[in-house]
Amino acid sequence: MLKLKDRKRAIKNLSEELKRLMRGEENITIMHLCGTHEDTVTKYNLRSLLPENLRIVPGPGCPVCITPDEDLQKAFHLLEREKIVLTTFGDMARVPFEGKSFFYYKSKGYDVRIVYSVFDAIEIAKSNDKPVVFFAIGFETTMPSTALAVLDEIENFYVLSAHRFFIPAMEHLLSFDDVRIDGFICPGHVSTIVGVKAYEHIKVPQVIAGFEPEDVLLALCMLVKAIKNEDIVLMNEYTRAVKYEGNVRAQEVMDEVFGRDDWEWRGLGIVRNSGAPLKRKYEDFDALKVFEDCFRDFEPKEDRRKKACRCGDILRGVATPLECPLFMKACTPKNPIGACMVSFEGTCNIWAKYWR
Amino acid sequence: MDGVVKMCIAIPGKVIEVDYPFAIVDFKGTKRKVRVDLLESLKEGDWVLVHVGIAIQKVDEEEAKKTVELLEQIGLG
């Protein structure tokens, strides 16, 4: 967006502005909610530019990371029992449960296919007689594409929904006693869909921000000023892609296909109205309904290997990867244990990438 | 694309050709066919954000300029 020379100057001036604004102030903690924001913060080492009393912590902004093991086990359960083609995104395929992942199943001869988009899964279904199940993860950014695929009504295409609505999680985060949040940097791409209006009921200062380093620092400046003035503001710094109404057509297809339920998130527990099951009128495309019999004996288990893993605390913003005993020891990007080390948007994976 | 799919990332690209529900979008020289039926009245030359094979929003060049101006006031001043 800016030329390199201008960017350097913007970053320098914004960090000086932040230091000036924070002089003599109490501690302020800002949570951002998107893996891509964490990538920007870590890649450009923005934390080193902040005054000591201003912290920016990553929240649960990584769909792969917050997908609980129970959902993953359901997909494995189905794959082991039915002759299906299982399709999912590449990040998700590497998340282990008891050492097994979708890639593990693929290596054992199960028909697992990595797709870039749900529409690739649709193409597979059209050229295949077997049932094709799409293990669907992601927030409001991704949900409309799955909804459109369901509306295509392809006979042998089914969705195993692990989709979750993000906005309820923000309210949920504010209910924890051990999580301090003075303001949010709202997730840019979720916002393109839900619009500015979706955040109006959340009563802390918020800025919807883009993904360049200057976007993030500018958002921090806006938040610090608001917090100092005790203004509960909602500002949009990412006006180039986020409108007040959001993408109304996307909201319509999402609401047409998905209901709302209280579902679990890794690290957050049950989040009210955050789950996105397929509505009953689309149950012919709902893997949970179509393969109902297969799930009768389904019992989720705990993964003992993840006992020491602090993914949950990291997703809640109460621990950093450096406080996890497994980080870069037993758990590395090559041999991940926790989901936060698997996904390119997971905090552990990002910290590992820029690890010196 | 194995393993490199970023879930929440959306990539900006320029629309080359529209044929609803699809369009050809140019991402810095790489052209891909993507779904565009979440956006109305898209035309050649528009910029869009594409996420997992579907355009989710138009990118507004005027607004992009305004952000630069805002940065110029606060960040570059």
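Residues numbered from 1 in each chain as written. Chains lettered and ligands numbered in written order. Predicted model: local features only at pLDDT ≥ 70, side-chain atom pairs only at ≥ 80, totals over all residues.

Caption draft 1: Region of the structure containing the domain arrangement of chain A. Residue and element names in this part refer to chain A. Each assigned domain of chain A is listed with its residue range as follows: domain 1 (1–292) and domain 2 (310–353). Relative to domain 2, the C-alpha centre of domain 1 lies at a distance of 17 Å. Listed per partner, the contact involves 25 residues of domain 1 and 19 residues of domain 2. Broken down by secondary-structure element, the contributors of at least two residues to the side of domain 1 that touches domain 2 are helix 2 (35–43), strand 2 (54–58) and helix 3 (63–66). Per-element tally for the side of domain 1 that touches domain 2: the top contributor is helix 2, with 5 residues. Residues that form the side of domain 1 that touches domain 2 fall into these classes: 13 nonpolar, 6 polar and 6 charged. (Domains from an automatic or database assignment. Contact = placed C-beta atoms within 7 Å. Helix = DSSP H or I, 4+ residues; strand = E, 2+ residues; numbered from the N terminus. Nonpolar A, V, L, I, M, F, W, Y, C, P; charged D, E, K, R; others polar.)

Caption draft 2: The pairing of strand 2 of chain A, seen in detail. Residue and element names in this part refer to chain A. Burial analysis of strand 2 places 4 of its 5 residues in the buried class, the great majority of the element. In this structure, strand 1 (residues 28–32) lies alongside strand 2, joined through 5 bridges in parallel fashion. Across the sheet, Met31 pairs through a bridge with Val57, a residue of strand 2. (Buried ≥ 20, exposed ≤ 12 C-beta atoms within 10 Å, placed from the backbone. Pairing = 2+ DSSP bridges.)

Caption draft 3: Here's a closer look at the environment of Leu33 of chain A. All names here are of chain A. Relative to the helices and strands, Leu33 is located in the loop between strand 1 and helix 2. Put simply, Leu33 and Ile66 are 33 residues apart on the chain and 12 Å apart in space, counted from C-alpha to C-alpha. Ignoring sequence-local partners within four residues, the contact set of Leu33 consists of Gly59, Gly61, Phe184, Ile185, Cys186 and Pro187.

Caption draft 4: The arrangement of the interface of chain A and chain B in detail. With 45 residues of chain A in contact, the opposing surface of chain B contributes 33 residues. Secondary-structure elements contributing two or more residues to the side of chain A that touches chain B are helix 1 (4–22), helix 2, helix 3, helix 6 (118–126), helix 7 (143–151), helix 9 (188–194), helix 10 (213–228) and helix 11 (248–257) of chain A. Broken down by element, the residue count for the side of chain A that touches chain B peaks at 6 residues, all from helix 1 of chain A. Counted by class, the side of chain A that touches chain B contains 21 nonpolar, 14 polar and 10 charged residues.

Caption draft 5: Main features of the nonpolar core. Among the nonpolar cores identified, the biggest contains 136 residues, and Val133, Phe135 and Leu160 of chain A together with Ala55 of chain B are the most heavily contacted of them. With 11 residues, the single largest contributor to this core is helix 10 of chain A. Counting contributing residues, this core receives three or more from each of domain 1 (1–292) and domain 2 (310–353) of chain A. Every residue in contact with Val133 of chain A, bar those within four places of it in the chain, is listed here: Leu78, Ile84, Leu86, Thr87, Tyr158, Leu160 and Ala287 of chain A. (Core = buried A, V, L, I, M, F, W, Y, C linked by C-beta atoms within 7 Å.)

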